[in-house]
Amino acid sequence: MNKRTPCCLTLRSHYAAVIPLLNPRSPNPPPVRLLHLAGTLFPRRIQSPAPSSRATPLCWAHGISCGMTAKSPRKEGGTACSEVKQIGRAAKHLAMVKPRTLTNSGRRIRKKPGSKRQKPEGYNSEFNRAVRRILKFHACQKAAADAVKKECDDEEEHYGRPQDPVVHTSFEESQFGDLRSSQDLPCSVVSIALFDGDTMLFACSGIPLPGGRSKLELTRYVTSARLVSEYEGKRYRDDKLRFQVRLPNGREKGGFLELFNHNIAIVTVLDRQAGHPLDVEHLAGPQVRLVEDDEMLAAGRAFKSGCLRAAEVKAVPYGEKVWFRPFTFDPRRYSELLSSLWKPVKSYEGGPVALLGVLGGPVLGKDNKIIGMSINVDIHGAYVSILPMEQLCMYLKHFQILNPAEINFRRYSLPELAYTMYPSGFMSKIYRLRHLGYPMPPPLMLELNGKLLNQFETLFGDVRAWEGYPFGSPNHCDEPVWRHLRKDVVKNISRCVVSVASFHGYERYFACTGLLIKWHRHTVVLTSASLVRSCNDEDIYEDKIDKNLKIEVFLPPKQRASGKLEFYSLQYNIAIVSFEKKFISICPENISRKYSTLKPSEKVVAVGREPLDGLLMASTGGVKPRDKDCQLDCKDLKVSTCKIKKAGIGGPLINLDGSFVGMNFFDGRKLTPYLPRSKIVQVLRSKINLPLPSERGVDTPVHLKGAPRGNSYRWPVPEPYWYHGLLEVDRGEHKHIGRVLQ
């Protein structure tokens, strides 16, 4: 059999050969080897005939003749005596074979007593290996699902569990006003509805805004914040809440809630503009003060019918005593609300429900000019508040929807008094991000599958799992490294390289790699001081440590211990961490012993450990002097061509025989700066043979003075940030590159 032939195709050919020959009425018996193969593949298809049968034909399934003897004459269509004897001997031979069942595949393989396993001709040994691989794959999937479920349960226990599923009643729209044509309004009006599955829970109106500058075609609609309060009040675990936008042409598009405040909300649709947008800046003039005799028109669109309706309304006089209690009420803005109220000229049967359809719709004054947007309704349905165009324009500029300063999500933060809300399906991911200390995603980033860059969990180089790793092979190898190292070197590395993380309560602050080293009569962790530095920002430098951080040391598979900062050097970014629990099967490094001099042409290996699962990562390269593009200020640093990520910070740099060369750092480039072993020993020399401060009763960590006076080195770490290429690209700055036709 060709080794490259898939086992499933080979078995398929066996089936095709065996099935036509398994007919017991066939006068010609199949070969004994084929019977053996058939018994292996189809043990239930080959059965003995019924003993009560009178007209017993030749039963070749067991190789014996049930109705003939050796003295029977030869008849036409029968079997000769010698053939019967041969078949009988074959049957006895098969009866002596003892069946043996494989635990993984469930197939029966016949084996002679006292001999090695005998496989029939044509039997595919790769079949059992394929079955074992499938079973192992399912076991890895189950282990991963159980681990994720446990993590989600722990995070929900800390951050709060979502509400249990509930059944909501359907929202019934009430007709408001008279039918109107879209040509009567200076802008388009859409209807926005909230659905739970196929059940409509709320509906209001919206106004399209001018298109943005991102490369992705987006259409944003501004509406009332009442839509957000309805959405928030109806959320539950694993809900199917969604927004649908009904366009003037009758089409429906799915929308996403982007930003909102206490007055307005922005709903975004992934489609090009379909209608006439509202020219907010052109209409935003001085606020119009409403008087009693002003005639206005409030417009809105019904979702189910798609009809555009408008009704005549009148302003509420400023001196009139009203009892206006909106759903989002700010007492400081009460006088402003009183000056921007309207009430319908005639009453409607639906009461407040009838007025909900105009929320988010435009309010037109004299000369058919838009003077504002309806944003809230009184709980009794008597009054509706108006947001003036000047205030709406200010909100949209504050949201960076109108004339954004830049389209970039690095260091992104929500504008002041602006909020966003994530769908319930992403709540477990939001909890995970908060627990790991990552920034919250900007609006639309999760819905559009944006990426979080510069994570601590990003793998690099050749990844190696520890023995008994239940989640399958990591399948990440930029270049093979571990196979080029001796077995004893790999074993020692796996027993001395740990993962170290610091936490603010339940939320992680920093994660990196550490090296177990010998210290006096103890074993401690040598790692980077970025683990405890109060600020690792690229632009903000603080030469301080955060003493409130909790440290955790992790050595796979299950050895975890609480750590304590003993010594640190902010000038050289070195930290010494002790841990309470004694780890077993470790091999701490003695960095004080003499090492052979590293040759310039000698290869080195940068080692790191992934913080969550404890996977070992290694990247190989060479050593070169410090270059001018290095983002770190320390002049004693050298550079290797090993490519690492943030998890490799604090990890060891070794040569091919396992000797310690230095400690790695990361500045976001393809080159890796490292602090040589000689400099580390020089900084620790005065303390390495003394007891730890915690043994002497000192509660505070000791600062190591190693740098010359006046030198304060910066050790910035690239911050994580969200990225989506289609949302960040500015279409106005996209230039065509090519030849210019004359």
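A quick note: this is a predicted structure, and the numbers were derived from the prediction, not measured.

Peer 1: Any chance you could explain the overall build of the protein chain here in plain terms?
Peer 2: Within the protein chain one finds 13 helices and 34 strands. For the protein chain, restricting intrachain contacts to residue pairs at least 6 apart in sequence, the fraction spanning at least 24 positions comes to 67%. About 39,800 Å² of surface is accessible on the protein chain, with carbon and sulfur atoms providing 51% of the total.

Peer 1: Honestly, the pattern of salt bridges in this entry has me stumped. Any pointers?
Peer 2: A side chain of one charge can pair with a side chain of the opposite charge if their charged atoms are brought near each other. Per the counting criterion, the structure on display carries 21 salt bridges. As a salt-bridge pair, Arg 242 and Asp 198 come within 4.0 Å of each other at their nearest N and O atoms. Taken together, the residues span a long stretch of sequence, with Arg 242 in strand β9 (residues 241-246) and Asp 198 in the loop between β6 (190-196) and β7 (199-208) at a distance of 44 residues. Accessibility expressed as a relative area gives 31% for Arg 242, which makes it partly exposed. With a closest N to O distance of 2.8 Å, Glu 230 and Lys 234 form a salt bridge.

Peer 1: Would you take a moment to explain the sheet that holds strand β29 (residues 638-640) for this structure?
Peer 2: In a beta sheet, neighbouring strands are held together by backbone hydrogen bonds and run either parallel or antiparallel to one another. Across the sheet, which stays open at both edges, the eight strands sit in the order β19-β27-β26-β30-β31-β32-β29-β28 with antiparallel pairing between neighbours. Bordering the open sheet on either side are β19 (462-464) and β28 (623-624), each of which pairs with just one other strand. Here β28 pairs with β29 via two bridges, running antiparallel. The residue of β29 that forms the bridge with Val 623 is Ser 640.

Peer 1: What's the story with the packing of helix α4 (residues 126-159) against helix α10 (residues 427-435) in this structure? I'm lost.
Peer 2: For any two helices packed against each other, the geometry is given by the interaxial angle and the distance between the axes. Contact geometry of α4 with α10 gives a least axis separation of 10 Å together with a crossing angle of 80°. The orientation of α4 with respect to α10, classified from their angle, is roughly perpendicular. On the side of α4, the interface is formed by Glu 151, Cys 152, Glu 155, Glu 156 and Tyr 159, while α10 contributes Ser 428, Tyr 431, Arg 432, Arg 434 and His 435. Looking at side-chain class alone, the contact of α4 with α10 contains three nonpolar, two polar and five charged residues.

Peer 1: Is there a simple way to explain the sheet that holds β6 in this structure?
Peer 2: Spatially, six strands are ordered β6-β7-β8-β11-β10-β9 in a closed barrel, and the strand pairing comes out antiparallel. For this sheet, the mean inter-axis angle between neighbouring strands, taken without regard to orientation, is 45°. Bridging between β6 and β9 involves six bridges; their strand directions are antiparallel. Across the sheet, Ser 191 pairs through a bridge with Arg 246, a residue of β9.

Peer 1: Whenever I open this one, the packing of aromatic side chains confuses me. Can you help?
Peer 2: Enumeration over the complete set of coordinates arrives at 13 aromatic pairs. Taking 5.3 Å as the distance between ring centres and 85° as the angle between the ring planes, the aromatic pair formed by Trp 466 and Tyr 469 counts as edge-to-face. A relative accessible area of 17% means that Tyr 469 is categorised as buried. Between Phe 665 and Trp 715, the ring centres sit 4.8 Å apart and the planes meet at 50°, which makes this aromatic pair tilted. Placement of the pair is Phe 665 in the loop between β31 (660-664) and β32 (672-676) and Trp 715 in the loop between β33 (702-703) and β34 (721-723), with a sequence separation of 50 residues. Of the two residues examined, Phe 665 and Trp 715, each falls in the buried class. What links up through ring pairs into an aromatic cluster is the set Tyr 159, Tyr 431 and Tyr 506.

Peer 1: I'm lost on the nonpolar core in this one. Help?
Peer 2: For soluble globular proteins, nonpolar side chains are generally found buried alongside one another. Grouped together as the largest cluster of nonpolar side chains are 98 residues, with contacts concentrated most on Ile 493, Trp 519, Leu 526, Ile 574, Ile 680 and Leu 684. Leu 684 has contacts with Trp 519, Leu 526, Ile 574, Ile 576, Ile 591 and Leu 704, leaving out every residue within four places of it along the chain. By size, the runner-up hydrophobic cluster in this structure holds 42 residues, among which are Tyr 231, Phe 243, Met 296 and Ala 311.

Peer 1: Quick question: what am I supposed to make of the environment of Gly 360 here?
Peer 2: Along the chain, Gly 360 falls in the loop between α8 (352-356) and β15 (362-364). A residue is classified by how much of its surface remains accessible, and Gly 360, at 0% relative accessible area, is buried. Between the C-alpha atoms of Gly 360 and Ser 205, which are 155 residues apart in sequence, the distance is 4.7 Å. Gly 360 has contacts with Ser 205, Gly 206, Ile 207, Val 222, Thr 223, Ser 224, Met 373 and Ser 374, leaving out every residue within four places of it along the chain.

Peer 1: Please clarify how unusual backbone geometry should be interpreted in this entry.
Peer 2: Peptide bonds are mostly trans, and most non-glycine residues show a negative phi. Look at the link from Pro 556 to Pro 557: it is a cis peptide, with omega at 5°. By the secondary structure assignment, Pro 557 is in the loop between β23 (550-555) and β24 (559-569). For Leu 417, which is not a glycine, the phi torsion comes out positive at approximately 60°. Mapped onto the fold, Leu 417 is located in the loop between α9 (389-398) and α10. Here Leu 417 falls in the exposed class, since its relative accessible area comes to 57%. Phi is positive for Leu 444, close to 75°, though the residue is something other than glycine. Considering the arrangement of structural elements, one finds Leu 444 in the loop between α10 and β18 (451-453). Under the relative-accessibility criterion, Leu 444 is labelled buried at 3%.

Basis of the calculations
- Residues numbered from 1 in each chain as written.
- Predicted model: local features only at pLDDT ≥ 70, side-chain atom pairs only at ≥ 80, totals over all residues.
- Heavy atoms only, no water.
- Helix = DSSP H or I, 4+ residues; strand = E, 2+ residues; numbered from the N terminus.
- Contact = heavy atoms within 4.5 Å.
- Areas by Shrake-Rupley, 256 points an atom, 1.4 Å probe, with all protein chains shown as cover.
- Salt bridge = Lys/Arg side-chain N within 4 Å of Asp/Glu carboxyl O.
- Buried < 20%, exposed > 50% of the residue type's maximum accessible area, 1.4 Å probe, protein only.
- Pairing = 2+ DSSP bridges.
- Axes fitted to C-alpha atoms, helices over the stretch in contact; angles between N-to-C directions.
- Parallel < 35°, antiparallel > 145°, perpendicular 65-115°, else oblique.
- Nonpolar A, V, L, I, M, F, W, Y, C, P; charged D, E, K, R; others polar.
- Phe/Tyr/Trp six-rings, centres within 6.5 Å; stacked < 30°, edge-to-face > 60°.
- Core = buried A, V, L, I, M, F, W, Y, C linked by side-chain atoms within 4.5 Å.

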